[in-house]
Every structure is written in structure tokens, then in C-alpha cells.
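Notes for the structure review
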Amino acid sequence: MWGASEICQSCGLVVEDDKYGTNPDGTFSEDYCSECYEEGEFNEPTIQMEELIERSARKMCEDGNISEEDAKRKLDKAFPRLKRWNDTW
Ligand SMILES: [Zn+2]
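Summarised in this report is the structure supplied together with it.

Rules of the game
- Residues numbered from 1 in each chain as written.
- Predicted model: local features only at pLDDT ≥ 70, side-chain atom pairs only at ≥ 80, totals over all residues.
- Helix = DSSP H or I, 4+ residues; strand = E, 2+ residues; numbered from the N terminus.
- Expected span 1.5 Å × (residues − 1).
- Buried ≥ 20, exposed ≤ 12 C-beta atoms within 10 Å, placed from the backbone.
- Arc of directions from axis to C-beta.
- Contact = placed C-beta atoms within 7 Å.
- Axes fitted to C-alpha atoms, helices over the stretch in contact; angles between N-to-C directions.
- Parallel < 35°, antiparallel > 145°, perpendicular 65-115°, else oblique.
- Left-handed = near helix turned anticlockwise from the far one by under 90°.
- Nonpolar A, V, L, I, M, F, W, Y, C, P; charged D, E, K, R; others polar.

Some thoughts on helix 1 (residues 49-63)
In this model, helix 1 (15 residues) spans 21 Å end to end at C-alpha, consistent with the 21 Å of a helix rising 1.5 Å per residue. Restricting attention to buried positions, one finds in helix 1 the residues Leu 52, Ile 53, Ser 56, Ala 57 and Met 60. What you see down the axis of helix 1 is that its buried residues fit within an arc of 140°, all on one side. Summarising the geometry of helix 1, the exposed residues directed more than 90 degrees from the buried face are Glu 51 and Glu 62. Where helix 1 is buried, its residues touch helix 2 (68-78).

Observations regarding the packing of helix 1 against helix 2
Two elements in contact, helix 1 and helix 2, have axes whose closest approach is 8 Å; the angle formed by their N-to-C orientations is 130°. In this view, helix 1 runs oblique relative to helix 2, as classed from their interaxial angle. In the crossing of helix 1 with helix 2, the sense of the turn from one axis to the other is right-handed. When helix 1 is examined against helix 2, the residues Ile 53, Ser 56, Ala 57, Arg 58, Met 60 and Cys 61 are found in contact with a partner set consisting of Glu 68, Ala 71, Lys 72, Leu 75 and Asp 76. Class assignment for the residues of the contact of helix 1 with helix 2 results in six nonpolar, one polar and four charged.

See the structure below:
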């Protein structure tokens, strides 16, 4: 239904098909995973980018063959391009 794996535009992790967040009208968000976003709102609206990078790096490190440091380096580059973090203030 969603095609190739997508990256959550908030936490930078790959979103599995059944892990998408939900919009206020109950449809699935195409941008965010259910851990970040539910019913049209971020679960942690005040979280800082750096905090989320650390958390995601830890998860990537648990899930795959990547060290937490490498994961963090990747995410440091990827995050500023994600929708949630890329607002021009
Ligand atoms: Zn997410």
C-alpha cells in the first residue's frame, strides 16, 4: 500500500507499513510514524532535535549493525532535511 520503505519525517527511522501515525481524521500520516505522531499531534511536541537524534541513534544501533556513533553521525546529517525540523523560522 505504501510502496518502498519510508523514513519518518520526525525521528528519521524507517517506518514499517503498519507503524504510521494517524491524522486528526483517522487516516494514516504519510510522513510520521506512530511513535512520533498520533491523531494529528506530535507525541512529544517539545522534544529537541538533538534529543530525538540520540534516541533514534540508540534504536538504530539496537536494530542493526551500526554503532551508536555512526548512527548519530548519519542522523545529524539527515535530521535537518526532515519535515519536522526543516522549518524556516
Ligand atoms: Zn517517527
